[in-house]
Amino acid sequence: MNGIIIAAGMGKRMRDLTKDIPKCLLKIGSKTLLEWNIEGLKQAGCKEVYIITGYLHKKIEELGYKTIQNLEFETNNVLHSFLKARHLFNQDLIVSYSDIYLEAEIYLELSEYKKDLVFVIDKDWKEYYNKREGVPHSQAEIATLDKKRLVKEIGKNLKIKLSDKSFEFTGLFKISKNACAIIKKSFDEINSKLIKTENFINDTSWEKAYITDFFNYLIKKNKIKADAFIISKGWAEFDSKEDYERLDLIKYSQKLKTLIN
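Rules used in this analysis
Residues numbered from 1 in each chain as written. Predicted model: local features only at pLDDT ≥ 70, side-chain atom pairs only at ≥ 80, totals over all residues. Heavy atoms only, no water. Helix = DSSP H or I, 4+ residues; strand = E, 2+ residues; numbered from the N terminus. Buried < 20%, exposed > 50% of the residue type's maximum accessible area, 1.4 Å probe, protein only. Contact = heavy atoms within 4.5 Å. Lys, Arg positive; Asp, Glu negative; His and termini not counted. Salt bridge = Lys/Arg side-chain N within 4 Å of Asp/Glu carboxyl O. Polar contact = N/O pair within 3.5 Å; in protein donor to acceptor, adjacent residues only side chain to side chain. Pairing = 2+ DSSP bridges.

## A few points about the side chain of K251
- Within the secondary structure, K251 sits in helix α9 (residues 247-253).
- Judged by its relative accessible area of 18%, K251 falls in the buried class.
- Sequence-distant contacts of K251, defined by excluding residues within four places in its chain, comprise L256, L259 and I260.

## Concerning the side chain of D122
- The topology assignment puts D122 in strand β8 (residues 117-122).
- The charged side chain of D122 is buried without a salt bridge, its nearest counter-charge being K233 at 7.5 Å.
- Reaching out from D122, the side chain makes a polar contact with the side chain of W235 at a distance of 3.0 Å.
- When sequence neighbours within four positions are dropped, the list of residues in contact with D122 reads F167, E168, T170, I231, S232, K233, W235 and Q254.

## Quick look at the pairing of strand β11 (residues 167-175)
- The buried fraction of β11 is high, at nine of nine residues.
- Across four bridges, the pairing between strand β6 (residues 93-97) and β11 is antiparallel. Note on β11: the bridge partner recorded for S96 is L172.
- Relative to β11, β8 runs antiparallel, the two being bridged by five bridges. Note on β11: the bridge partner recorded for D122 is E168.
- Across two bridges, the pairing between strand β9 (residues 142-145) and β11 is antiparallel. Across the sheet, A143 pairs through a bridge with F167, a residue of β11.

So, in structure tokens, the structure goes:
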């Protein structure tokens, strides 16, 4: 099993902080976000960890990590960045966004799931957004579950009420070798039919699609089943300057034990 960290984005909401470095190289406590992610993936059993780079890619490459470059990072989005690593889709993978921090035991517990696709989702996410500036509830990647606790739908802009039972996708998921084959085949089928600017799902173009847009499509088309690893806090996303500047509050409200100790 290997790990993939998607770190190609420009971090526009953090431009004051990311003018000279990618967002994943911001310090969270004693380490960078990237270091925390790599450490968690390694502890979960990933033999190698690959970082998908784009914006200021040399800043990551010069640190000696294994990297895969997305040359189109300025025009595409997370899904297309992810597929730049398709040559690694011959084994189980744990995949992470680069702007998240999770406690180490979450990575470890995720590694023990023996399912095709597993999303790490937070059941207590709404409190976090109530005190969050610059990132409204509507920007969250939300998941809902069916009666069997399988993921029924996932993504941004889902047509559900804020009061409905929902979960937030943390940006961490695991896929099996079998799921990797489904992902590659489905991606190629869609890519052959749609031009980059054509609408894919939820008024999002194919080029700008999120990973969750793609998985929502696969789930709706019954091409794959997605299991849920439900957590309660123990993680945080750093998507804006305001997120980063309130780390001292977040580490307590989100129960980031490692950063408190």
